[in-house]
Amino acid sequence: MFTRISSRATWRATAVSLAALMVAGLATPGFAAEDEVVPNHNPTLNEGGRATDGPGLPSPWSYSAKTGIGTSYEAYSDFQFSDKAATGKVSKVWFSLADGILTETMYGLIHHAQIREMQIAVTGDGWTAFEKTDTTSQIAYIHTDKDGRPLSPAYRITNSDRQGRFVIIKDIFTDPDQQTLVTRVTVKALKGPVTPYVILDPSAANTSGDDEGQASASVLTAWQGDVALALKASVPFKGYNVGYAGVTDGLKDLSDHQQIFAQHTATTTRGNIVLVGQLPAVANSATFDLAVGFGANPDAAAAEAQATLKTGYAKVLANYNGQGAAIGWEDYLGSLSELKSLVPVSEDNGKLLYASALMLKAQEDKTKAGGLIASLSNPWGDTVYTDVSATGYKGVWPRDFYQVAMALAALGDRETPVAAYRYLPTVQVTKDTPGNTGATGWFLQKSHVDGTPEWVGIQLDQTAMPILLGARLADMKLISQDELLSSYGSMLKPAAEFLSRGGTIGLDWNHATITPPYAQQERWEEQEGHSPSTTAAVIAGLAAAADIATKAGDTAGAAEFSAKAADYSAKLEQRLYTTSGKIRGADKPASYYLRISRSDDANNPGVQDERNGRAGLASDLMVDQGFIELVRYGVRKANDPHIVQSLTIIDDQNLPENLRVRYDFRFAGSDVTVPGFRRYGNDGYGDRTEGGNYSVNGQMHPSQRGRVWPIFTGERGHYDLAVAAMKPGGASQADVDAIRSVYVKGMELFANDGLMIPEQVFDGVGTNQPHNYVLGEGIDGATPLAWSHAEYVKLLRSLRDKQVWDRSPAAFDRFAGKQ
């Protein structure tokens, strides 16, 4: 038995330690404390430890409910990024937008943030206003087709002063031929002349501390070590300052007196700094171009910015879009063979579909081709401080990775899924993995895109999904049979052997002995035990491995993997389907699938651990919808009585609030009732019901509440399609239209104004403060979540095909197809 906390729910700077659980008597017996506590285990700390703010005050990251993200499209050369590819020099700059301003902007590897925030302040006669706090914001895509579908992730933000004194219009994108972020700023003065200031808060080397900087009329620079940024404008700065955050940055002077009194041209020591540049006064309307270049030093960064300014706004934007002879985002969308055919299946005429295609591709690293991350965001970032180098969700989870690769394949992308598959050895544990002394074949829980391990818990579904991906890519002829069989020996067979045999881990803190299908962590990375969703993936993965082994002539492997899949399937209900569950009350025993069971007897499933501020409960009191993954992968039929009965518990909205999973939504302007679902009852991975973020200062609180995830609306739509597909003749068009009208429409309604689908949305329980959420609006978790967009895309493809896209033929033929 074992337990571990490193999870998506504990990415922030201070994780709950297992040592504390041991003291509290909550850790699982049999897992030695010395195995649980190791030096520097905290995955958010960089090798150099904490960065110093110097004289400056500390700063958090930014609001995570992004309304836009972007980067240039870069073509592959032989499935790798290269300056010799058709798009030329590879631009490695990504940006994000929230609250009407530029937020975390990355350069280098996709998780290396170099800017925390950049906004415009405006002064007038006796007043000062800041975009982030004093305006209302609207966002739109700059480049769309005639039906309003976005053709590139270039954005126009319109920020209107709440008192009607000015409007700021910003066009934001990157230069595909330089390491540069581009912002065109138009300031309109509505009630007298105004003076704009650009305020750039750098986070060089992925921390806001340890930065140095300089300021002049021609350029504002910041750097740390071998990474630098340089902000240049199309006009000289009238005034400028580099100062320490909250101390000498001049922002208080600007706020109180509409000017910066003491202007500094250089820092004197490393710390948390802010750069400010004064632009010329505006009597009516004026437009300025801002270019932030990145490079190994300030001069190199300034050269990138200058090259972009020289090329000019119109040309850079056209190149980014792929207009004319340039190769850009239009070309990528045009390469997606199935994209246009999915538009009729959408409910918004393809707007979210096109945005999803852009979002999925944009969240790929450009040093490690195929390195697909979970989200270009730091969840609850505005209360997570930047003195440590944190990846947030900008890392690789093989589970999210699989969802994205399969969605890209569903769109007809014939290259990225292949690059992704070839990337996978980067995150598989082998005998050559630094520090590994134990079992091999499993895939890292979470890693940096370069393969650096971040979390090393064992999640069996993440080891099964690469097998499923390889089998499907071969079926689609995206990889050859020769490549599949070659990767079977080097990657897939070791993975399947781990799923079959388990083993003793020997990496970092983890020295547990794994006995599949009992998981060290289920798909939400929080609890050990048997899990329906994990077991579904494991059975399907082993079935697929057995078929590949047969093709490879490995008869022993084929027999072993097939037998194990059958064994796990035969014991599924015994382990996970209770007939004496007490979720409706001790006097009302009910039958249903459990979220987790810690024994081989579902009627004696044990107690789950405290997680995310929520006390551990008896396992029969905690349910989730994960059992429908058994249908998705082809392990059980959609009309299996255990599945059908369990859904009555999931859909019961009279369960106690803490245990309830389903919440229905109505949106203004729509008559559709949208079913929404939490991850599971008693989930504490979310904001606080009395107001406030998750895990502020690393402290858990019992009022934390996991909200509704749009992913599950898509999963339920897939299940309803599987039900319809069982009818004689398969799903009818009426069946498809009914699912579209509820589940497709629902996911579209969950998207924000920038067509970003959140990780979680506000479900109406507790206060909507401090962000004044409306029902169904994304909270300060992770937006956009790549998995959310992937689920939406796969639902469209499944409905078009009238068959669940993720269904494993190997699993279906052995199990659901024979039931």
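Please refer to the structure placed before this passage.
Quick look at the structure, then. This structure is a prediction, so every number in the text was calculated from the model and none was measured. (Residues numbered from 1 in each chain as written. Predicted model: local features only at pLDDT ≥ 70, side-chain atom pairs only at ≥ 80, totals over all residues. Heavy atoms only, no water.)

## Observations regarding the sheet that holds strand 26 (residues 673–678)
Going by this rule: The pairing criterion for strands is at least two bridges between them, as found by DSSP. By definition, any uninterrupted DSSP run of H or I lasting at least four residues is a helix, any uninterrupted run of E lasting at least two residues is a strand, and each is numbered from the N terminus. We call two residues contacting when some pair of their heavy atoms lies within 4.5 Å. To define axes, lines are fitted to C-alpha atoms, for helices over the stretch in contact only, and angles between the resulting N-to-C directions are given on a 0 to 180 degree scale.
Strand order across the open sheet formed by 3 strands is 25-26-27, with antiparallel pairing between neighbours. Two strands close off the open sheet at either side, each with one partner strand: strand 25 (662–666) and strand 27 (708–709). Contacting strand 25, strand 26 and strand 27, helix 19 (residues 710–725) runs over the sheet at an angle of about 115° to strand 26. Sitting on the sheet, helix 20 (residues 733–750) is in contact with strand 25 and strand 26, with an inclination near 70° to strand 26.

## Focus: the environment of S531
Stated precisely, the cut-off is as follows: We define a polar contact as two N or O atoms separated by no more than 3.5 Å, with the added condition that, inside protein, one atom must be a possible hydrogen donor and the other a possible acceptor, whereas residues neighbouring each other in sequence contribute only through side-chain atom pairs.
Structurally, S531 is set in the loop between strand 22 (513–514) and helix 14 (532–551). With 147 residues separating them in the primary sequence, S531 and V384 have C-alpha atoms 31 Å apart. Looking at S531, its side chain comes within polar contact range of the main-chain nitrogen of T534, at 3.3 Å.

## With respect to the nonpolar core
In summary, soluble globular proteins display a tendency toward joint burial of nonpolar side chains. Rules: Grouping buried Ala, Val, Leu, Ile, Met, Phe, Trp, Tyr and Cys residues that are joined through side-chain atoms within 4.5 Å yields what is termed a nonpolar core. Relative accessibility decides the category of a residue: with a 1.4 Å probe and only protein chains considered, values under 20% of the type maximum give buried, values over 50% give exposed, and everything between is partly exposed.
Within the largest apolar cluster, 223 residues are counted, with the highest numbers of intra-cluster contacts made by L353 and L411. Element by element, the count of residues in this core is highest for helix 14, at 12 residues. Once residues within four sequence positions are removed from consideration, L353 is found in contact with L339, L342, V343, L411, Y792, V793 and L796.

## Topic: the pattern of salt bridges
What counts is decided by this rule: Salt bridge criterion: a side-chain nitrogen from Lys or Arg within 4 Å of a carboxyl oxygen from Asp or Glu.
Scanning the entire structure with this criterion turns up 54 salt bridges. Here R156 and D171 are joined by a salt bridge, their closest N and O atoms 2.6 Å apart. With R156 in strand 9 (residues 155–161) and D171 in strand 10 (residues 166–175), this residue pair connects regions lying 15 residues apart in the sequence. For R156, a relative accessible area of 36% gives the class partly exposed. In this structure, E560 and R501 form a salt bridge, with 2.8 Å as the shortest nitrogen-oxygen distance. With a gap of 59 residues between them, E560 in helix 15 (residues 555–570) and R501 in helix 13 (residues 481–501) connect regions that are remote in the sequence. Residue classification places R501 among the exposed residues on the basis of a relative accessible area of 51%. What you see here is one network of salt bridges that share partners, running through R523, E629, R632, E715, E791, K794 and D806.

## Quick notes on unusual backbone geometry
What is expected of a backbone is that most residues other than glycine have negative phi and most peptide bonds are trans. Cis peptide bonds are those with omega within 30 degrees of zero, and the linkage from P516 to P517 qualifies with 5°. Cis geometry is found at the peptide bond from Q769 to P770, where omega equals 10°. Turning to its location among the elements, P770 is positioned in the loop between helix 20 and helix 21 (786–801). The backbone of W380 sits at a positive phi, close to 50°, despite the residue not being glycine. The residue W380 is located in the loop between helix 9 (351–362) and helix 10 (398–411) in this model. Non-glycine residue D508 carries a positive phi angle of around 55°. Its location among the elements puts D508 in the loop between strand 21 (503–504) and strand 22.

## Some thoughts on the sheet that holds strand 13 (residues 212–215)
Spatially, the 8 strands line up as an open sheet ordered 8-9-10-11-18-15-14-13, and their pairing is antiparallel. Of all the strands in the sheet, the pair left with one neighbour each is strand 8 (135–141) and strand 13. On average, adjacent strands in this sheet sit at an angle of 15° to one another, irrespective of strand direction. Two strands pair when backbone bridges link them, and strand 10 and strand 11 (residues 180–189) are joined in this way by 10 bridges, in the antiparallel orientation. Residue pairing across strands places V167 opposite K188, the latter belonging to strand 11.

## A few points about the packing of aromatic side chains
Inclusion rule: For Phe, Tyr and Trp, rings pair up if their centres lie within 6.5 Å, where Trp contributes its six-membered ring, and each pair is then called stacked (planes under 30 degrees apart), edge-to-face (over 60) or tilted (otherwise).
Per the stated rule, a full pass over the model turns up 27 aromatic pairs. Ring centres of W329 and Y332 lie 5.9 Å apart, and the angle between their planes is 90°; this geometry places the pair in the edge-to-face category. Linking W329 with Y332, this pair stays in helix 7 (residues 329–335), spanning 3 residues, or about one helical turn. Judged by relative accessible area, W329 falls into the buried class, the value being 1%. Under the relative-accessibility criterion, Y332 is labelled buried at 3%. For the ring pair F665 and F667, a centre distance of 6.3 Å and an interplane angle of 20° mean the geometry is stacked.

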